[in-house]
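A look at the structure
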Amino acid sequence: MGAHALRNPVAIVGMACTDFGEHWDRDVDDLLVEATQGALAAAGGLDVQNVDAFWLGSMISGVSGLTLTRPLNISHKPVTRVENMCATGSETFRNACFAVSSGAYDIVMAVGGEKLKDAGYSGLEMPSVPNDGTPAVLSAPAMYSMIVPAYARRYGVSEAQIKEAMTHIAWKNHGNGALNPRAQFRKAVSKETIAAAPSLAGNLSVFDCSGVADGAAAAVIVRAEDAYKYTDRPLFIHALALDAGSGTGRFDSDYDYSDLSEAAVSAKIAYAQAGITDPASQISLAEVHDCFTPTELVLMEELGFSERGKAWSDVLDGRYDRSGALPVNVDGGLKSFGHPIGASGLRMMYEMWLQFRGEAGERQLADLRYGLIQNQGGSPGDLVSAVTIVSGSA
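Residues numbered from 1 in each chain as written. Predicted model: local features only at pLDDT ≥ 70, side-chain atom pairs only at ≥ 80, totals over all residues. Heavy atoms only, no water.

**Focus: helix α8 (residues 261-274)**
- The end-to-end C-alpha separation of α8 is 20 Å, in line with the 20 Å expected for 14 residues at 1.5 Å each.
- Every buried residue of α8 is listed here: Glu262, Ala263, Ser266, Ala267, Ala270, Tyr271, Gln273 and Ala274. Down the axis of α8, the buried set is contained in an arc of 165 degrees. They therefore lie on one face. In α8, the exposed positions angled more than 90 degrees off the buried face are occupied by Lys268 and Ala272.
- Elements in contact with the buried residues of α8: β8 (235-244), α9 (279-282), β9 (283-287), α10 (293-302), β10 (370-379) and β11 (382-391). (Helix = DSSP H or I, 4+ residues; strand = E, 2+ residues; numbered from the N terminus. Expected span 1.5 Å × (residues − 1). Buried < 20%, exposed > 50% of the residue type's maximum accessible area, 1.4 Å probe, protein only. Arc of directions from axis to C-beta. Contact = heavy atoms within 4.5 Å.)

**Considering the domain arrangement of the protein**
- Partitioning the protein into domains gives domain 1 (10-119 + 214-236) and domain 2 (140-210 + 239-391).
- Averaged C-alpha coordinates put domain 1 and domain 2 at centres separated by 24 Å.
- At the junction of the two partners, domain 1 supplies 42 residues and domain 2 supplies 37 residues.
- Carbon and sulfur atoms make up 69% of the surface buried where domain 1 meets domain 2, a total of about 3100 Å² over both sides.
- There are two salt bridges connecting domain 1 and domain 2.
- Here arginine 233 makes a salt bridge to glutamate 359, at a shortest N to O gap of 3.1 Å.
- Joining domain 1 to domain 2, the criterion identifies eleven residue pairs in polar contact (both at pLDDT 80 or more).
- Of all the secondary structure elements, the ones that give two or more residues to the side of domain 1 that touches domain 2 are β1 (10-17), α3 (88-101), β4 (107-115), β7 (214-223) and β8.
- The class makeup of the residues in the side of domain 1 that touches domain 2 is 22 nonpolar, 13 polar and seven charged. (Domains from an automatic or database assignment. Buried area = accessible area lost by both parts, 1.4 Å probe. Salt bridge = Lys/Arg side-chain N within 4 Å of Asp/Glu carboxyl O. Polar contact = N/O pair within 3.5 Å; in protein donor to acceptor, adjacent residues only side chain to side chain. Nonpolar A, V, L, I, M, F, W, Y, C, P; charged D, E, K, R; others polar.)

**Some words on helix α13 (residues 341-357)**
- Taking 1.5 Å of rise per residue, 17 residues should cover 24 Å, and α13 covers 26 Å from first to last C-alpha, within 8% of that figure.
- With respect to burial, α13 is a largely interior element, 17 of its 17 residues being buried.
- Positioned one or two residues after α13, glycine 358 has a phi angle of 75 degrees, which is positive.

**Thoughts on the sheet that holds strand β2 (residues 53-57)**
- Spatially, nine strands are ordered β3-β2-β4-β7-β1-β8-β11-β10-β9 in an open sheet, and the strand pairing comes out mixed. The sheet is open, and its two edges are formed by β3 (79-82) and β9, each paired on a single side. When the angles between neighbouring strand axes are averaged without regard to direction, this sheet yields 25 degrees.
- Relative to β7, β4 runs antiparallel, the two being bridged by nine bridges. Counterpart to methionine 109 in the pairing with β7 is valine 220.
- The sheet strands contacting α3 are β1, β2, β3, β4, β7, β8, β10 and β11, and the helix crosses β8 at an angle near 120 degrees. (Pairing = 2+ DSSP bridges. Axes fitted to C-alpha atoms, helices over the stretch in contact; angles between N-to-C directions.)

**What to know about the packing of helix α5 (residues 147-155) against α10**
- Between α5 and α10, the least distance of the axes is 10 Å, while the angle of their chain directions is 40 degrees. The angle between α5 and α10 falls in the class oblique. Considering the relative orientation of α5 and α10, their crossing is left-handed. Between α5, through Ile147, Val148, Tyr151 and Tyr155, and α10, the contact on the second element is made entirely by Pro294, Thr295, Val298 and Glu301.
- Here the residues of the contact of α5 with α10 are counted per class, giving six nonpolar, one polar and one charged. (Parallel < 35°, antiparallel > 145°, perpendicular 65-115°, else oblique. Left-handed = near helix turned anticlockwise from the far one by under 90°.)

What follows is the structure in structure tokens.
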């Protein structure tokens, strides 16, 4: 029993990502077509008819595989529509990789897209499954704001110190996004402006919350042994891990909101698959699910990048800055790049595609070994988390 590495390795040979933002003049069809055609072009001009199967990730912008076949004008192709809350993009990618590794298909595509602006959701509230009425009705910012006082109590840190670290994270990610032509928010914001913003929920201000965006991303996946037929610089997949918690955290008197254990479990599985024993030194860059700034803070500990109770000081020391020892969210993260739910996990992968190919422009990092992607859905105590590990060599 166990969660093993892929017996037959796979690789990405083409990727594309649309601009993320408020695309009032475009619908989800337009975005899916742009991402898909871009990925096919990057894979040596592959024809869509040569793709054996598709996995489509979307939370609210379409149902069934027809959401993809209609705009692509294709038929008689297997298309699986996937949803796993905000981890939908990574879940789509994970299943597509399994299909190739199993030998079921030779060439597949993972596509994720969302058109949130047309749905009328502000980002504070999202549709939920009907229940018996016992769960508290809380906005996403309210649920994640609970991390701050809980973390402070657990580690004896003042909320003011944590807020300073949150401000640094927002400042860092907006600065990174300013260098990214595809990001929703492309303007650096001063720490003074971030710190002075009024509270939205608890210690969270608008600068602590990710953007609500439209967008799409896509990847072409083949067996690793075939990768160089399509590109001279493939991206190889070393680990695919997913963990779903019990969803009972909010009802458990022992849960205090200071940790995201599902992220820790999925990371542990991914490290075992990739043979990583010291993630703090072996991981060269990470894209993590910074839906809110305290989320990124806690994830540094869950992923083994910081010691427990020390992430806030590592953040302030610049460890996770673009010029730091372990750059995190170099493309701006959800905070600056935006968060069209079905596309976010694949957007994170797209930054890895650019970085390991040396195509990230002003954001380009040097001496890359392994890249990590952590994409999650839900809220503290009610979470799913996916961790993927990649590199530029098989």
